[in-house]
Amino acid sequence: MDEILQIDTIDRYNKLFGIETLHPLISVVDLRRPEQLVPYKMNIGFYALFLKEEVCGELTYGRGRYDYQSGTVVAVAPGQIIGLNNPKGVRPPAAKGVLFHPDLIRGTSLGQEIKNYSFFSYESNEALHLSEEEREIINDCIEKIEKELNHSIDKHSQRLISAHITVLLDYCLRFYDRQFTTRNLQNHDIIVRFERLLDEYFEGPLPQQQGLPTVKYFADRVFLSPNYFGDMIRKETGKTASEYIQTSIISRVKEQLLSSGKTTSQIAFELGFQYPQHLSRMFKRVVGCTPNEFRSRN
């Protein structure tokens, strides 16, 4: 399973596993099918969303492996690597998948909104775990897509299929919001670590060495994908991760302005700004005045 197959089209995926192509840009696949039990690893050129209903077998994602509980949803974006590794003697996994090509939603409202479904860029340990009721809802969405695929293609097909996919993805968003809430304790621990990492970053030599920190820098250190980390921070604090970092920077600037005689340029350099005017612009946008005006007023 070392070779990575390049699978750019729905039809090529279907042919690889002996599945009839009902529509060139979308397919509903059943991972219980015997022809899909061969281990594989592929780089896909389309979106994929898999619902696995019970513990059996193992789906890989990049370098990660999913050890499923019942009712787990995995979403994959074009350009990502997925695979199936079903150990010998393990019965076929009860799972279904919806695969759709970007061309299917191009020019539709879903095509414009697809970037907002950030869970397509989550990592393997950030899959969506469903309750029985939620699993039934997701299954129902997939069945509606499958029924539309079995209908002969006409001028309404693209719009209807796109609408069904949108409903499916919107439910996934809702259930992820629920998951963020049910994992509130774990999320709080991550925020505490985030704040500690912020302190360590600005109190050490990293600002002069690497400049201003990125969301990815902190996400990597709490072992989350940038998208999942950002969504979790926004859910918990009401701010994006970037805004949270910016708030920390502004707080440090205010402290330096009022407790030291350092110039704005010195403060900007110490915090990792490439140019002092970048700090001044950020400060005025957030606080409503320049750093020097803030210092003189206080």
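## Describing the overall build of the protein
Part 1 of the reasoning: Along its length, the protein carries 13 helices and 10 strands.
Part 2 of the reasoning: Relative to its full complement of 298 residues, the protein shows a buried share of 46%.
Part 3 of the reasoning: Taking as baseline every contact in the protein between residues at least 6 positions apart, the subset at least 24 positions apart corresponds to 72%.
Part 4 of the reasoning: Of the accessible surface of the protein, which amounts to about 15300 Å², a share of 49% is contributed by carbon and sulfur atoms.

## Side note on the environment of Ile191
Part 1 of the reasoning: Residue position: Ile191 is located in helix 6 (residues 184-203).
Part 2 of the reasoning: Sequence separation between Ile191 and Val222 is 31 residues; the distance between their C-alpha atoms is 9.5 Å.
Part 3 of the reasoning: Those residues within four positions of Ile191 in sequence are excluded, and the remaining contacts are Met232, Ile233, Glu236, Thr237 and Tyr244.

## Structural notes on helix 9 (residues 226-237)
Part 1 of the reasoning: Between its first and last C-alpha atoms helix 9 spans 16 Å; for 12 residues at 1.5 Å apiece the expected length is 16 Å, and the two agree.
Part 2 of the reasoning: For helix 9, the full list of buried residues reads Tyr228, Phe229, Gly230, Asp231, Met232 and Ile233.
Part 3 of the reasoning: Against helix 5 (157-182), helix 6, helix 8 (215-221) and helix 10 (241-259) lie the buried residues of helix 9.
Part 4 of the reasoning: At the C-terminal side of helix 9, Gly238 shows a positive phi close to 85°.

## Overview of the packing of aromatic side chains
Part 1 of the reasoning: Counting across every chain of the model gives 21 aromatic pairs.
Part 2 of the reasoning: Pairing Phe194 with Phe218 gives two aromatic rings, centres 5.1 Å apart and planes at 65°, and the pair type is edge-to-face. You can see Phe194 sitting in helix 6 and its partner Phe218 sitting in helix 8, a full 24 residues away along the chain. As far as the burial class goes, Phe194 and Phe218 line up, both buried.
Part 3 of the reasoning: Where Tyr201 meets Tyr217, the ring centres are 5.0 Å apart and the plane angle is 75°; that geometry is what we call edge-to-face. Of this pair, Tyr201 sits in helix 6 while Tyr217 sits in helix 8; the two residues are 16 residues apart in sequence, bridging distant segments of the chain.

The rules behind each value
- Residues numbered from 1 in each chain as written.
- Predicted model: local features only at pLDDT ≥ 70, side-chain atom pairs only at ≥ 80, totals over all residues.
- Heavy atoms only, no water.
- Helix = DSSP H or I, 4+ residues; strand = E, 2+ residues; numbered from the N terminus.
- Buried < 20%, exposed > 50% of the residue type's maximum accessible area, 1.4 Å probe, protein only.
- Contact = heavy atoms within 4.5 Å.
- Areas by Shrake-Rupley, 256 points an atom, 1.4 Å probe, with all protein chains shown as cover.
- Expected span 1.5 Å × (residues − 1).
- Phe/Tyr/Trp six-rings, centres within 6.5 Å; stacked < 30°, edge-to-face > 60°.

Honestly, it's all geometry; don't read function into it.
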